[in-house]
Amino acid sequence: MVKPVIPIRKETPGGPLPLIPNTLSAVHGRTLDRRQRPLRDLRISVTDRCNFRCTYCMPKEVFDQNYPYLAQSELLSFEEIHRLTTIFVSLGVEKIRLTGGEPLLRKNLETLISMLAKIRTPQNQMLDLTLTTNGSLLSKKAALLKEAGLQRLTVSLDALDDVVFKAMNDVDYPVRDVLDGIEAAQKVGFQGIKVNMVVKKGVNDHEILPMAKYFRNRGITLRFIEFMDVGSSNGWNLDQVLPSAEVIAKISEEFPLEQLDPNYSGEVAQRWRYQDGAGEIGVISSVTQAFCHECSRARLSTDGQLFLCLFATEGFDFKTLIRSGRSDLEIANAVMQTWSNREDRYSEIRHLHTKDLERKQRKVEMSYIGG
Ligand code: SAM
Ligand code: SF4
Ligand code: SF4
């Protein structure tokens, strides 16, 4: 059995920076990493728990009743998440995604959302505040999320066929309930909902067309994600990756597509539109077309460790820092210093990561770090 990964905790950088700004507003806009990538996007994992056991993310054999989930006292509180978010926003972050684990399992999440929705950028703009969910609690929670100020939603769904979907979520969860959740979200006014489908060759690739057909003309953007080697327990194998180019070719045969420009620099998904006007789809090709050169994402784990890459083996301990009486400016400086030393570009150098290296440097699980 594969043992769960306990992430390495690094002390956050201490000591003075060469140029320490003396107000938070002076810090703004200075956060480039070693590859000149700005910090724009923060993903916050609000729980490491989930009610699904997707085989590619939290396989049952590893995430069983003995798995060392975080204790309540280890989780960042809403006040701590709000404080850190405010600091990240002062450094240039414009987009916040709440994720997990299953974020809707975190009690009173709508309270956190309403706190985050009030934060403004230094230019007095609202944040792009969004959430990724497996949809199982969406029917119940959609109205509360909308009222709290959540702007956008991504729902994960890997197949329309119940047998295939149940085998992938591995808890016998039916497709219909996720679709009901999506419809409930549309009814309360969420627009531009995205649906994420992880494609595993030989497992659900025959569901690509049925999914495309279903979500066309519904105002929903379906995004196909290449199966990734996140974490150290999902048994990833390159043979199970269906390149996005094949997804596009398959759909184009039936519904001709044309490529669109990205909405903004650093957008993860490549955009395509149906030529007949039925909407758009996206492909996220982390394996076959790495996009590290534009990656402006940091991840904050459920217990306040900052990760600079989805495939990181170590995080920086911001929970200890914020619980030790440091000022916002000191924490902002620590974030700046951490980001300015960043060199991560795992997907571009994936081929260099041999099995031996992986065994020595085990990657952190996605459910903990936030997808
Ligand atoms: N539980 C929520 C959900 O499933 O939407 C949020 C967390 S989940 C880790 C975030 C996203 O990561 C989901 O869309 C999921 O399908 C995707 N994901 C998880 N494991 C993956 C893998 N090995 N390869 C590609 N995508 C993966
Ligand atoms: Fe849970 Fe999301 Fe991971 Fe599936 S992908 S096991 S729903 S966290
Ligand atoms: Fe960003 Fe790391 Fe993914 Fe590259 S591999 S795009 S650096 S998260």
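Bear in mind the structure is a predicted one, so any value in this text is a computation, not a measurement. (Residues numbered from 1 in each chain as written. Chains lettered and ligands numbered in written order. Predicted model: local features only at pLDDT ≥ 70, side-chain atom pairs only at ≥ 80, totals over all residues. Heavy atoms only, no water.)

Colleague: It is not clear to me how the packing of aromatic side chains should be interpreted in this structure. Could you clarify?
Modeller: Remark: the centre distance and the inter-plane angle together describe each pair of aromatic rings, the angle taken between the planes. Counting across every chain of the model gives eight aromatic pairs. Look at Phe52 and Tyr173: their rings are 5.0 Å apart centre to centre, the planes differ by 45 degrees, and that puts the pair in the tilted class. Residue Phe52 is located in the loop between β2 (41-45) and α2 (78-90), and its partner Tyr173 is located in the loop between α5 (162-169) and α6 (175-187); the two are separated by 121 residues in the primary sequence. The burial state of Phe52 is the same as that of Tyr173; both residues are buried. Judged by centre distance (5.9 Å) and plane angle (85 degrees), the ring pair of Phe255 and Tyr274 falls under edge-to-face. In this pair, Phe255 sits in the loop between α8 (244-254) and β8 (257-259) while Tyr274 sits in strand β9 (residues 270-274), placing the two residues 19 residues apart along the sequence. The burial state of Phe255 is the same as that of Tyr274; both residues are buried. One aromatic cluster in this structure is built from Phe52, Phe165 and Tyr173. (Phe/Tyr/Trp six-rings, centres within 6.5 Å; stacked < 30°, edge-to-face > 60°. Helix = DSSP H or I, 4+ residues; strand = E, 2+ residues; numbered from the N terminus. Buried < 20%, exposed > 50% of the residue type's maximum accessible area, 1.4 Å probe, protein only.)

Colleague: I tried to follow the pattern of salt bridges on my own but got confused; where do I start?
Modeller: Pairing of side chains with opposite charge becomes possible as their charged atoms draw close. Applying the stated criterion to the full structure yields 15 salt bridges. For Lys213, the salt bridge identified is with Glu254, shortest N-O distance 3.5 Å. Here the residue Lys213 occupies a position in helix α7 (residues 208-215), and Glu254 occupies one in helix α8, the gap between them amounting to 41 residues. By relative accessible area, Lys213 is classed as partly exposed at 45%. In this structure Glu254 comes out as partly exposed when scored by relative accessible area, which is 40%. The closest approach of N and O atoms between Asp276 and Arg216, which form a salt bridge, is 2.8 Å. With a gap of 60 residues between them, Asp276 in the loop between β9 and β10 (280-284) and Arg216 in the loop between α7 and β7 (221-226) connect regions that are remote in the sequence. The exposure class of Arg216 is buried, given its relative accessible area of 12%. What emerges from the salt-bridge pattern is a single network uniting Asp33, Arg37 and Arg342. (Salt bridge = Lys/Arg side-chain N within 4 Å of Asp/Glu carboxyl O.)

Colleague: How should the site of ligand 2 be read in this particular structure?
Modeller: Taken together, Cys50, Phe52, Cys54, Tyr56, Cys57, Met58, Gly101 and Asn134 make up all the residues around ligand 2. Looking at the shell around ligand 2 residue by residue, the classes come out as six nonpolar, two polar and no charged. (Near = heavy atom within 4 Å. Nonpolar A, V, L, I, M, F, W, Y, C, P; charged D, E, K, R; others polar.)

Colleague: Would you mind going over the site of ligand 3 with me for this structure?
Modeller: What surrounds ligand 3 is a group of 13 residues, the closest being Cys292, Cys295, Cys309, Leu310 and Ser347. For the shell around ligand 3, a count of residues per class yields seven nonpolar, one polar and five charged.

Colleague: I keep staring at the pairing of β9 and nothing clicks. Help me out?
Modeller: Consecutive side chains along a regular strand alternate between the two faces of the sheet. Where β8 meets β9, three bridges bridge the pair, whose relative direction is antiparallel. Along β9, the bridge assignment pairs Glu258 with Arg273. Sheet topology places β9 next to β10; four bridges connect them, and they run antiparallel. The residue bridging Arg271 from the neighbouring strand is Gly282, located in β10. Counted between consecutive antiparallel strands, the loop separating β9 from β10 contains five residues, among which Gly277 sits at a positive phi close to 85 degrees. (Pairing = 2+ DSSP bridges.)

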